[in-house]
Amino acid sequence: VDWFIPHQVGPTLLNEWCAQLGIARDKLLHTFAETANMSAVNIPHILDVNLSAGRIQPGDRLLFFAPGAGVHLAAMLWQV
């Protein structure tokens, strides 16, 4: 995984998810400091900001992660 793009509930959970999934913190992409939790728009916004900035490159593997309340979870691995 080149980049980890989770739903950004809060900074504590962002760090915890990296630790639990064994993903280095420098692979985490988020915009929490600028936008906080924007609900369903978090992941598309993070993707747009980082594509526009040129951070995400062709061939990169992106892990999208969207946990929810209760027992549901969505994750998807893309290669750009």
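Placed above this text is the structure.
Anyway, here's the lowdown on the structure attached to this text. All values reported here derive from a predicted model rather than from experimental measurement.

## Structural notes on the side chain of Gln 8
At step 1: Tracing the backbone through its elements, the reader meets Gln 8 in the loop between strand S1 (3-6) and helix H1 (11-21).
At step 2: The class for Gln 8 is buried, based on a relative accessible area of 0%.
At step 3: Side-chain polar atoms of Gln 8 contact the backbone nitrogen of Thr 31, separated by 2.9 Å.
At step 4: At a separation of 3.4 Å, a polar atom in the side chain of Gln 8 contacts the main-chain amide nitrogen of Phe 32.
At step 5: Ignoring sequence-local partners within four residues, the contact set of Gln 8 consists of Leu 14, His 30, Thr 31, Phe 32, Thr 35, Ala 36, Asn 37, Asn 42 and Ile 46.

## Describing the pairing of S1
When a strand is regular, its side chains alternate between the sheet's two faces.
At step 1: Here S1 shows a buried face lined by Trp 3 and Ile 5 and a second buried face lined by Phe 4 and Pro 6.
At step 2: Sheet topology places S1 next to strand S2 (residues 61-67); four bridges connect them, and they run parallel. Paired with Ile 5 across the strands is Phe 64, a residue of S2.

## Some thoughts on the packing of aromatic side chains
At step 1: Under the counting rule described, the total for this entry stands at three aromatic pairs.
At step 2: Both rings, one in Phe 4 and one in Phe 65, keep their centres 5.9 Å apart while their planes meet at 45°; by these two values the pair is tilted. Of this pair, Phe 4 sits in strand S1 while Phe 65 sits in strand S2, and the two are 61 residues apart along the sequence.
At step 3: On the basis of relative accessibility, which here comes to 0%, the residue Phe 4 falls in the buried class.
At step 4: Relative to Phe 65, the ring of Trp 17 lies with its centre 5.2 Å away and its plane at 70°, an arrangement referred to as edge-to-face. Taken together, the residues Trp 17 in helix H1 and Phe 65 in strand S2 connect sequence positions 48 residues apart.
At step 5: Taking the relative accessible area as the measure of exposure, Trp 17 reaches 12% and is therefore buried.
At step 6: One aromatic cluster in this structure is built from Phe 4, Trp 17 and Phe 65.

Each value, and the rule that gives it
- Residues numbered from 1 in each chain as written.
- Predicted model: local features only at pLDDT ≥ 70, side-chain atom pairs only at ≥ 80, totals over all residues.
- Heavy atoms only, no water.
- Helix = DSSP H or I, 4+ residues; strand = E, 2+ residues; numbered from the N terminus.
- Buried < 20%, exposed > 50% of the residue type's maximum accessible area, 1.4 Å probe, protein only.
- Polar contact = N/O pair within 3.5 Å; in protein donor to acceptor, adjacent residues only side chain to side chain.
- Contact = heavy atoms within 4.5 Å.
- Pairing = 2+ DSSP bridges.
- Phe/Tyr/Trp six-rings, centres within 6.5 Å; stacked < 30°, edge-to-face > 60°.

Note that every value here comes from positions in space, so none of it alone points to a role or purpose.
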